[in-house]
Structures are given as C-alpha cells and as structure tokens.
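What follows is each chain in one-letter form.
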Amino acid sequence: MSTTLQGHPNAELLTSATKGFDYLFSNDIVSARSHFQKRDDPFHLMGTGICAFLEAALGMESGLMTEATRCLALSEAGTRKHMRTPKPRDMSHHSRFHHGLEWEILNADAVVLLGLTHALSESYMGYLQCMYALNSAHSKFTKLYKTVFPAGLPESPNYDPTSIVSLSPSTSRVAISPSLPTHLAHKSGFFSRWVGTSSTPSLPLQTEDHRVIPDGPVEDLIVAGTAFGFGLFNLVFSLLPKKVQGLVGFLGFKHDRKLALQALALSAEKEDVHGVFAGLVLMTYHGVVLLLSGYQADEHRILAQYKAIVDKIETRYPSGALWILNRAKIMRMSYNAEGAILVMQEGLKPNRPHSFAQADMLLIFELAWTLLGQRRYQEAADTFIKITEMNSWSHGTYYFIAAGCHTALGNYEKAQAMLDAIPDLIEKKKISGKDLPTEVFIKKKLAFYKEKQLRRGGDERMYVQSVKISPAEGVFFWNTHARIDPSIAQAHIDILTALTPLPSNHRISLEVSSPSLTTPKSARTRAPVPPSPLTTFSMSSLRLEDDLDTPDELAIRALLLGINYRTLKMYEVARGYLVEAGSYQSAVKVSTWVGGLAMFELAVLDLKEIEETGLLSGPVSEDERRGMWSDVLRAASAKLEQALGLATNNVDLSSRLDSRIAMLRDEIATKREMLGIII
C-alpha cells in the first residue's frame, strides 16, 4: 500500500486493527479477538464488535446477537466522541478529505451492523425493526456518498488519484445525488458492468510542485468504507420483501440495486478491510442469485464475476473457511456438486485452522445441503445433526431434514425418533417468544402427518408410516433440485411416479422419448397460466388405500415432478405438472404455499425453455428473436405477479418466496436490457 508524504495520525491505529482482521479472515478468530482487545480505540472496538457480529450472523445465535449489539454499541459511542473532537491546530497532516471523516465511516458501519442484527430473525417484525434502525444509517451513508463521491462513482474501481494531473477547481463543488446517469459507458474489464460514470471521487491533494499525494490507508478506508456502506445499505433494502419495503416507505428510503452492486465492486478492489467485506457481500449475493432466482439472464457472467472475487481474496487468505466455502459454492453452481463436496471436506480436515467455529459451521451447512442434493442421505443426515453441535439455531429444522433423509433410506424407527424430538427442540428455541418461520412450517407438517396416520387407522406413535414424500425432498425453499444431475432428477421422478394414485400426467411423461423437445411456436407466446380451478378433482376421488390421499400431497408431488422434469429439459411435461400443482390451491389445507411457488416455477420454466429451445425452429431474424423474448418475458412477469398475490402473510415462508420473486424480476429486467427490449 502506498504511503502519504506525511502520515495520517490515525494510520498506525488503522494498520494495527487491520492486522486483527487478517487473523479473522484466516479463520483464527481467537487471535483476532485477542489482538483487538489490546486497545480501546474505535478501530479496535469495531474489530471486537465485528467478531461478535460475524459469530452471531454466521451462526444464527441469539445469545451472540446480544453480545454483538453490546460491542457495536460501544464502538458507535466511541466514534461519536471522536467525531465531536475538533482538528488539532498543530496537526501537520493534510488530506483530500476533511478531518475526522474516518470516524464518520466507522460510526455509520456500527449503525448499519446494529440494524442488521434485527434482520437476522427472518421475520417481518425483524425486518421492520431493521429498517427503523437503519433510518439513521441511510442518511449517514447518503451524506458520506455525496462527500466522498461528489460527482458519482469513479469510472474505474482501480481509481488512482496519482494519475490525475489537473482538475478544474469547480469539480469539487459539484453536488450530485447518489444515483448514476441513465447512460452508463460500457468499459472492458471484470467490473465493467458495475461502474461506468466519468466522474471521480473527491479531489486528490497536490504538493506545491504539483505532485499528487497518493492515498494512504486512512484515505483508502474512507473510499472503500463509503462505497461498502452505501452499497450494502442499498442492497439489503432492495432484497427485503416488498411488503416490508411498502411498510417503511414513508421513511423516505430509496434503493438502487444496480448502484449498490457498483459501489460494492469499487470497495472490493481496495486493500482496506472494507474491501474484503464488500467481496464477501458480493460473493453472498451472487451465490444467492444463482441458487434462488431460478433463472439468470447471464449465468456465465455471474459465475465469472463470482470466481474473480473469490480468487482475489482467497489468494490473500488461503486458509479462510469463508473463501473455501465460496469456492465450493461456485463448483456446485457450475453443476459439479461432487467436486464441491471434496473441496468442503478438505477444508474441514483437522490440519487446517478451526478457531472460527461459525465459519466452519457454514462449510458444514453447505456440505449438508450438497450431500442432500446428491441423494447421499446417510451422510446428509449425519451432517445436519452435526450442525446442532456447533450452533443453537433451530435444531428442530435440522432434525426435520435429517428425519426426512432417514425416511428416504427406509430407517423409519430412526426417523420417528427424530420427529418425536422436534417439538421439544422448537420450544427451547424461540426468537422474541415466537416460533421461527421454518418451525411454524414444520409444526404444521408434523400435525398433518399425525392426522393422516390416525385417519388411516395406524399407530399414532409411528406416524412416520404415513409419510410418503420425504420431508427432505419437500423443503423447496432452498431450491435443492435446481442444479442437480439429470440422473438424480430421474431418480426422484421414478420414486414420485410410483406412488399411488398414478400422476395425471404420467401417460404424457411416458410418451416423451427424448428430453430434447422442440418448442412449438405457440409455447413461445404463451399467455400467463393462472392456477386453474379444480374442475376434475373432488375429495370423493381420494382413497385411503392410496399412498397420497390428500390434495396437499398431490400438489407437492406435482410440484416436485414439474421441477425435476424441467431439470431434464422436458418442458411440456414439466409445465403440465406445475399447472396441476397450482390447480389444487383451493383444496389444500396446510400446503398453501404450493400455488405461489408453482407459479414462480412456471415463470422460471418459460425463461429456461426459450433460452434452451428458442432457436430450434430454424433461423430467425433479430426482430423476430426479440419479439419471441418480449412475449416470454411479459408472460413470466405476469406469472410472478400472480405468485406474489398468492404469497400472503398467512402463507408459510412467504417472505422467502417474495425475495425470490424480486431476484427473478431483476434477472428479467437485465435480460430486457441485454436484448434492447423497451417496455
């Protein structure tokens, strides 16, 4: 890192604190905490607070959330004290930023992290509390953005003030709101999509002989910290469920996801600690989009950006579990699940540093889901149970999934023992005295299984016998079926279609001899398909002797079959099952989430279908191709509107579907922009 001609008086404190973060990012949180606790200035207090925050956020530990709040509050108070301290008259250092701006950055950091602790509850109330807490951060980061980037974000994330020979004095007086021009210049390079304005940050400082003083560590903190905080705030708000955004809209919050990603990309290029956190946020965002949006307008670009960020940080911290985790995620998202499993298992070996238990837990969490996706049920069950030994978040959820794995293996007594343990586990773990959203969902499922067992005259103590669709396969909200191998999708289909009564679309699926379907022209301009009324289904058609004897089970099977057939690229068969799943909406009693999710998956199907088969009918002109895409994008958007309408507050885990819908809408908007489609 370059140094200033006269060092900043706070540079030594910042450099020392950075050493503590080096320990943290290398998976040695014990040494990091010990280093931070040696000094009580705001830089080191922030480090202590971030250690606690990461433990709380990554481990979903309510007790650690309390400790994180305490530490961050101390840091926030310390920065406020320094912010009120005037610049010493004998201070010889000069900077292109006004005195004390670094304390404003740290203060804003503390405020936004305090707000995020509320969002960790994953409840609407938690989101609302988060937004109220972030009200202060919103104004802070907006002010900082205008101060540090008076003319918007710089043209290149690798901005170097030493490259500027002269600037008009009027530049420093330009006041532009924190938004980008509508006409972004597209430059070459990795971050070209995220940056593109022709403005620069605050003016560089020049000596009397017109030499530009390069930024030092404190100046880097100000640039990276402002970009990180402003970007993070905008990104978090843009990902909140629409219902929550509407509730707090009167506070004046505005968000711009594209600008948020641009700001985070700028921060990620800096060597400051904020740059590492910005990289982590971008990695998380890319991973979530690849996992949950269902469709990506430019998947190869996202994977390339994701990999470039991981490469940069992993080179600096090769032993850090967070970077190993994201390396494995990239492999999983690239359809190399077995390779991802090997990477994570290697990262968990005893010879690696393991004092950052929460980071290791994330590796184990991702490993468990990947094993589940590969149908390695025994290993998945063992791994989910291992998670309960590392954190206290929702042991009932992990037991429920592990029980599903044992059900799939035919280990019914083991599965029943796990199901029996869940009610007590849920009672022991409540946030603000309430069940977690996932646990509300699980309690309804357990009651459903018991009622079915009694209705069929079975032993209530072995109600697992009534479970015909494994709970492990029925957890759709994590999208474990989207990137599986075709052979695994076929294995799911074989099991589901063997259940009685036979699926209504089974004859059609048997007649399809090849997964490479030519899409008829009518399919490309298909109108939105609403959940159709149950014109052929009646409760009297259900038989106790059948494996599936409720609309809920028939709907879930149809949904799973639709998703798996879509994985096989058998789009017409998949569409039939997804429409069938939605058609049960008025009859289901417990699984009220199926209708909204079915409509979401239909939108994904439309997009994947034209992406895969749109050119099979022969050469088409660019205008015809754009017209085909325009019709499909419009139809998919209409389906998302219907899905959102079905995801009401009384629907289990509706906030997760809400977020998935928002992500897919962004991908649709990106695709329109790529194709030059104007609406």
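About the criteria used
Residues numbered from 1 in each chain as written. Predicted model: local features only at pLDDT ≥ 70, side-chain atom pairs only at ≥ 80, totals over all residues. Heavy atoms only, no water. Helix = DSSP H or I, 4+ residues; strand = E, 2+ residues; numbered from the N terminus. Buried < 20%, exposed > 50% of the residue type's maximum accessible area, 1.4 Å probe, protein only. Contact = heavy atoms within 4.5 Å. Areas by Shrake-Rupley, 256 points an atom, 1.4 Å probe, with all protein chains shown as cover. Polar contact = N/O pair within 3.5 Å; in protein donor to acceptor, adjacent residues only side chain to side chain. Phe/Tyr/Trp six-rings, centres within 6.5 Å; stacked < 30°, edge-to-face > 60°. Lys NZ or Arg CZ within 6 Å of the ring centre and 35° of its normal. Axes fitted to C-alpha atoms, helices over the stretch in contact; angles between N-to-C directions. Parallel < 35°, antiparallel > 145°, perpendicular 65-115°, else oblique. Left-handed = near helix turned anticlockwise from the far one by under 90°. Nonpolar A, V, L, I, M, F, W, Y, C, P; charged D, E, K, R; others polar. Salt bridge = Lys/Arg side-chain N within 4 Å of Asp/Glu carboxyl O. Expected span 1.5 Å × (residues − 1). Disulfide = S-S within 2.5 Å. pLDDT = per-residue confidence, 0-100.

Caption draft 1: Structural context of the overall build of the protein chain. In terms of helices and strands, the protein chain carries 26 helices and zero strands. Expressed as a percentage of the 679 residues in the protein chain, the buried residues total 58%. Of the contacts formed within the protein chain by residues at least 6 apart in sequence, a portion of 75% connects residues at least 24 apart. Split by element, the accessible area of the protein chain, about 27,700 Å² in all, is 56% carbon and sulfur.

Caption draft 2: Geometry of the side chain of histidine 274. Here histidine 274 is to be found in helix H10 (residues 273-292). A distance of 2.6 Å separates the side chain of histidine 274 from the side chain of aspartate 272, its partner in a polar contact. Once residues lying within four places of it in the same chain are set aside, the contact partners of histidine 274 are Ile105, Asp109, Leu221, Ala224, Gly225, Phe228 and Ser267.

Caption draft 3: Geometry of the packing of aromatic side chains. Under the criterion given, the structure shown has 17 aromatic pairs. Between the aromatic rings of phenylalanine 21 and phenylalanine 25, the centroid separation amounts to 6.1 Å while the plane-to-plane angle is 25°, which identifies the pairing as stacked. Taken as a pair, phenylalanine 21 and phenylalanine 25 lie in helix H1 (residues 11-25) at a separation of four residues, close to a single helical turn. As far as burial versus exposure is concerned, phenylalanine 21 and phenylalanine 25 are alike and both buried. Between phenylalanine 448 and tyrosine 449, the aromatic rings sit 6.2 Å apart at their centres with planes inclined by 70°, giving edge-to-face as the arrangement. Just as phenylalanine 448 is buried, tyrosine 449 falls in that class too. Members of the aromatic cluster, connected to one another through ring pairs, are Phe21, Phe25, Phe36, Phe228, Phe277, Tyr317 and Trp323. The ring of phenylalanine 448 has lysine 445 sitting right over it, with the charged end atom 5.6 Å from the ring centre.

Caption draft 4: How the structure looks around the packing of helix H16 (residues 395-409) against helix H18 (residues 437-455). Viewed as axis vectors pointing N to C, H16 and H18 meet at an angle of 45°, and their least axial separation amounts to 9 Å. The orientation of H16 relative to H18 falls into the category oblique. As for how H16 packs across H18, the hand of that crossing is left-handed. The residues of H18 that touch H16, namely those facing Gly396, Thr397 and Phe400, are Thr438, Glu439, Phe441, Ile442, Lys445, Leu446 and Tyr449. Each residue belonging to the contact of H16 with H18 can be placed in one class, and the counts come to five nonpolar, three polar and two charged.

Caption draft 5: Inspection of the pattern of salt bridges at higher detail. Here the structure, examined in full by the defined rule, presents 37 salt bridges. With a shortest N-O distance of 3.5 Å, arginine 316 and glutamate 271 are connected by a salt bridge. With arginine 316 in helix H11 (residues 299-316) and glutamate 271 in the loop between helix H9 (257-268) and H10, this residue pair connects regions lying 45 residues apart in the sequence. By relative accessible area, arginine 316 is classed as partly exposed at 31%. Here the salt bridges share partners, and the residues they tie into one network are Glu572, Arg575, Asp606, Glu609 and Lys639.

Caption draft 6: Geometry of unusual backbone geometry. In this model, threonine 500 is joined to proline 501 through a cis peptide bond whose omega is -5°. Positive phi outside glycine occurs at tyrosine 335, with the angle close to 70°. Relative to the assigned elements, tyrosine 335 resides in the loop between helix H12 (321-333) and helix H13 (337-347). We note that arginine 375 has phi near 65°; this positive angle belongs to a residue other than glycine. With respect to the helices and strands, arginine 375 occurs in the loop between helix H14 (357-373) and helix H15 (377-387).

Caption draft 7: How the structure looks around H10. An ideal rise of 1.5 Å per residue puts 28 Å on 20 residues; H10 measures up with 29 Å between its terminal C-alpha atoms. Of all 20 residues making up H10, 18 are buried, and the element is well covered by its neighbours. A positive backbone phi angle near 85° is found at glycine 294, which sits one or two residues after H10.

Caption draft 8: Spotlight on H9. In this model H9 runs 16 Å from its N-terminal to its C-terminal C-alpha over twelve residues, within 8% of the 16 Å that 1.5 Å per residue would give. Counting buried residues along H9, eleven of its twelve residues qualify, which places the element largely inside the surrounding structure. Inspection of H9 places Arg257, Leu259, Ala260, Leu261, Gln262, Ala263, Leu264, Ala265, Leu266, Ser267 and Ala268 among the buried residues, and these make up the whole buried set.

Caption draft 9: Up close: the environment of glycine 595. Checked against the element boundaries, glycine 595 lands in helix H24 (residues 594-613). On the basis of relative accessible area, glycine 595 is assigned to the buried category, the value being 0%. Not counting residues up to four positions away in its chain, the partners in contact with glycine 595 are Gln585 and Leu646.

Caption draft 10: Inspection of the packing of helix H23 (residues 571-583) against H24 at higher detail. Two elements in contact, H23 and H24, have axes separated by 8 Å at closest approach and are oriented at 165°. In this view, H23 runs roughly antiparallel relative to H24, as classed from their interaxial angle. Both H23 and H24 take part in a crossing whose hand is left-handed. In this structure, H23 contributes Tyr571, Glu572, Ala574, Arg575, Leu578, Val579, Ala581 and Gly582 to the contact, and H24 contributes Val594, Ala598, Glu601, Leu602, Leu605, Asp606, Lys608, Glu609, Glu612 and Thr613. Among the residues making up the contact of H23 with H24, the classes are represented as nine nonpolar, two polar and seven charged.

Caption draft 11: Seen up close, the environment of leucine 597. Take leucine 597: it is sitting in helix H24. When the C-alpha atoms of leucine 597 and leucine 640 are compared, they prove to be 9.5 Å apart, with 43 residues separating the residues in sequence.

Caption draft 12: Quick peek at the state of the cysteines. Considering all chains together, one arrives at zero disulfides under this definition. You can see cysteine 51 has no disulfide; the closest cysteine sulfur is in cysteine 71, sitting 8.9 Å from it. The class of cysteine 51 is buried, set by a relative accessible area of 0%.

Caption draft 13: Highlighting the confidence of the model for the protein chain. Here the protein chain averages 80 in pLDDT, while 77% of its residues score no lower than 70. For residues 1-5, every residue scores under 50 in pLDDT, and the model assigns this stretch 17 contacts once sequence neighbours within four places are set aside. Predicted confidence is poor over residues 205-212, with pLDDT under 50, and the contacts of this stretch with residues over four places away or in other chains come to 16 contacts.

Caption draft 14: The environment of threonine 79, seen in detail. Of note, threonine 79 is situated in helix H4 (residues 62-83). Exposure remark for threonine 79: the relative accessible area of 0% places this residue in the buried category. Excluding residues within four positions of it along the chain, threonine 79 makes contact with Pro42, Trp103, Leu106 and Asn107.

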